[in-house]
Amino acid sequence: TDRHLTITGQSAHHIIHVLRLRNGASVRVFDGQGCEHEAILTEISRSRITLKIRGTVTTTPEAPLRITLLQGIARNDRMDFILQKAVELGIQTIQPIWMLRSHTRLKGIRLEKRIAHWQGVITSACEQSGRATLPQLLLPEEYSTCIGNRTDSNLRLMLQPDARCGLRNLEKPSGGISILVGPEGGLAPEEQALARTAGFSGIRMGPRILRTETAALAALAGIQTLWGDFS
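What this report covers is the structure whose coordinates are included nearby.

The rules we used
- What you see as residue numbers is a count from 1 along each chain, following the sequence as written.
- Local features in a predicted model are, by the rule used here, given only for residues with pLDDT of at least 70; side-chain atom pairs are given and counted only at 80 or more, and totals for whole chains, interfaces and linings are based on all residues.
- Side-chain calculation: all heavy atoms of the structure are included, whereas hydrogens and water are not.
- Strands are runs of DSSP state E lasting at least 2 residues, helices are runs of H or I lasting at least 4, and numbering of each runs from the N terminus.
- We call two residues contacting when some pair of their heavy atoms lies within 4.5 Å.
- Computed by Shrake-Rupley with a 1.4 Å probe, the accessible areas treat only the displayed protein chains as cover when residues are assessed.
- The charge count treats Lys and Arg as positive and Asp and Glu as negative. His and the chain ends do not count.
- Charged groups are reduced to one reference atom each: NZ for lysine, CZ for arginine, CG for aspartic acid, CD for glutamic acid.
- Burial classification: accessible surface area is computed with a 1.4 Å probe over protein chains only, and a residue below 20% of its type maximum counts as buried, one above 50% as exposed, and the rest as partly exposed.
- We define a nonpolar core as any set of buried Ala, Val, Leu, Ile, Met, Phe, Trp, Tyr and Cys residues linked to one another through side-chain atoms lying within 4.5 Å.
- Directions are taken from the helix axis to each C-beta atom, and the arc is the one they span.
- To estimate the expected span of a helix, count its residues, drop one, and scale the result by 1.5 Å.
- Between Lys or Arg on one side and Asp or Glu on the other, a salt bridge is scored when a side-chain nitrogen of the former is within 4 Å of a carboxyl oxygen of the latter.
- Only the contacting stretch of a helix is used when fitting its axis, a line to C-alpha atoms as for every element, and angles between N-to-C directions run 0 to 180 degrees.
- Crossings are classed by handedness, with left-handed meaning an anticlockwise turn of the near helix from the far one by less than a right angle and right-handed meaning a clockwise turn.
- Amino acids are sorted into nonpolar (Ala, Val, Leu, Ile, Met, Phe, Trp, Tyr, Cys and Pro), charged (Asp, Glu, Lys and Arg) and polar (every other residue, Gly among them).

### With respect to the overall build of the chain
- Within the chain, the regular secondary structure consists of six helices and 11 strands.
- Overall size of the chain, expressed as C-alpha extent along the three principal axes, is 60 × 40 × 30 Å.
- Once local pairs closer than 6 in sequence are excluded, the contacts in the chain between residues at least 24 apart make up 70%.
- For the chain, the exposed area adds up to about 12,600 Å²; of that, 49% sits on carbon and sulfur atoms.
- The averaged location of the 21 negative side-chain charges in the chain is 3 Å from the averaged location of its 28 positive side-chain charges.

Structure below.
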């Protein structure tokens, strides 16, 4: 039996108005669970397309490292940039955190819209980078609630400009990795103390102070180079 798929929203807009594909064009779609499919474009309307699924194709394997990014919520464009590039660098889980130096704390409908926007950024980054598995976006949490409940990693790293240790001083972990990054302005002293109590070790990314959007991505690239699929 032929399988058909209807696509709306940003993905449909990109296919229709940016790529300008027409009926009969061949495309690939992914289900977010690791499978990618060959499909034929069969119907186009102003904001919707219909595809005929032809078969499943082999996809690029996911990164072997299970990395969670605990990211202090930054301003809109910076947060979008962090999410986009973290997906490209192989992140598996993203936990946004409200921290003392986060500039806004959204609630209700505004928060729901922001989460939906972030999910869209992640999905688009998967499409661009050829990933067929969507990284998990967790609901934003308050720092004090989130930091003490980490059970998903045995290597817990806190990016800290004045730390003495770098990535090369660490041994390759046998389990998951958590990276804690503050928002603009970094982690407050009391947040650093709480992180150390929760088993996080401070590391620095070279001798220069990095912006929050640079720090997270530098750490991800360094980890993938040392222990992941960059090597």
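### What about the environment of threonine 133?
- Turning to its location among the elements, threonine 133 is positioned in the loop between helix H3 (108–129) and strand S7 (136–137).
- The partly exposed category is assigned to threonine 133, whose relative accessible area is 24%.
- Taking the C-alpha atoms as reference points, threonine 133 and glutamine 92, 41 residues apart in sequence, are found 8.9 Å from one another.

### Thoughts on the nonpolar core
- If you look at the biggest cluster of nonpolar residues, it comprises 36 residues, and the most contacted ones within it are Leu69, Ile91, Ile177, Ile179, Leu220 and Ile223.
- Listed by contribution, the elements that provide at least two residues to this core are strand S5 (67–72), helix H2 (76–88), strand S6 (93–98), H3, strand S9 (155–159), strand S10 (177–181) and helix H6 (212–227).
- Sorting elements by how many residues they give to this core places H6 first, with seven residues.
- Not counting residues within four places of it along the chain, the set of residues in contact with isoleucine 179 comprises Ile67, Thr68, Leu69, Leu70, Leu157, Leu159, Ala219, Leu220 and Ile223.

### Describing helix H5 (residues 189–197)
- Buried residues of H5: Glu191, Gln192 and Ala195, and no others. The arc that holds the buried residues of H5, viewed along the axis, is 100 degrees, so those residues lie on one side. Exposed residues pointing more than 90 degrees away from the buried face of H5 are listed as Pro189, Glu190 and Thr197.
- Buried residues along H5 sit against helix H4 (143–147), S9 and S10.
- Phi turns positive one or two residues past the end of H5, at glycine 199, with a value near 95 degrees.

### Some points on H2
- Here H2 is 13 residues long and its end C-alpha atoms lie 19 Å apart, about the 18 Å a rise of 1.5 Å per residue gives.
- Of the residues making up H2, those classed as buried are Met79, Asp80, Ile82, Leu83, Ala86 and Val87. All buried residues of H2 lie within an arc of 160 degrees about the axis, which places them on one face of the element.
- For H2, the secondary structure elements touched by its buried residues are S5, S6, H3 and H6.
- Within two residues after H2, glycine 90 carries a phi angle of roughly 95 degrees, on the positive side.

### With respect to the pattern of salt bridges
- As enumerated under the stated definition, the model contains four salt bridges in all.
- For arginine 78, the salt bridge is made with glutamate 184, and the minimal N-O distance between the two is 3.5 Å. Of this pair, arginine 78 sits in helix H2 while glutamate 184 sits in the loop between S10 and H5, placing them 106 residues apart in sequence.
- Given a relative accessible area of 24%, arginine 78 falls into the partly exposed group.
- We note a salt bridge from arginine 78 to glutamate 213, for which the minimum N-O separation is 3.8 Å. Separated by 135 residues along the polypeptide, arginine 78 in helix H2 and glutamate 213 in helix H6 bring together distant segments of the chain.
- Residue glutamate 213 is classed as buried on the basis of its relative accessible area, which comes to 13%.

### Examining the packing of H2 against H3
- As a packed pair, H2 and H3 sit with axes 8 Å apart at the nearest point and diverge in direction by 35 degrees. Our pair here, H2 against H3, has a crossing hand that is right-handed. Listed contacts from H3 to Asn76, Met79, Asp80, Leu83, Gln84, Val87 and Glu88 of H2 are Arg114, His117, Trp118, Val121, Ile122, Ala125, Cys126, Gln128 and Ser129.
- Taken together, the residues that form the contact of H2 with H3 break down as eight nonpolar, five polar and three charged.

These figures capture arrangement, not role.
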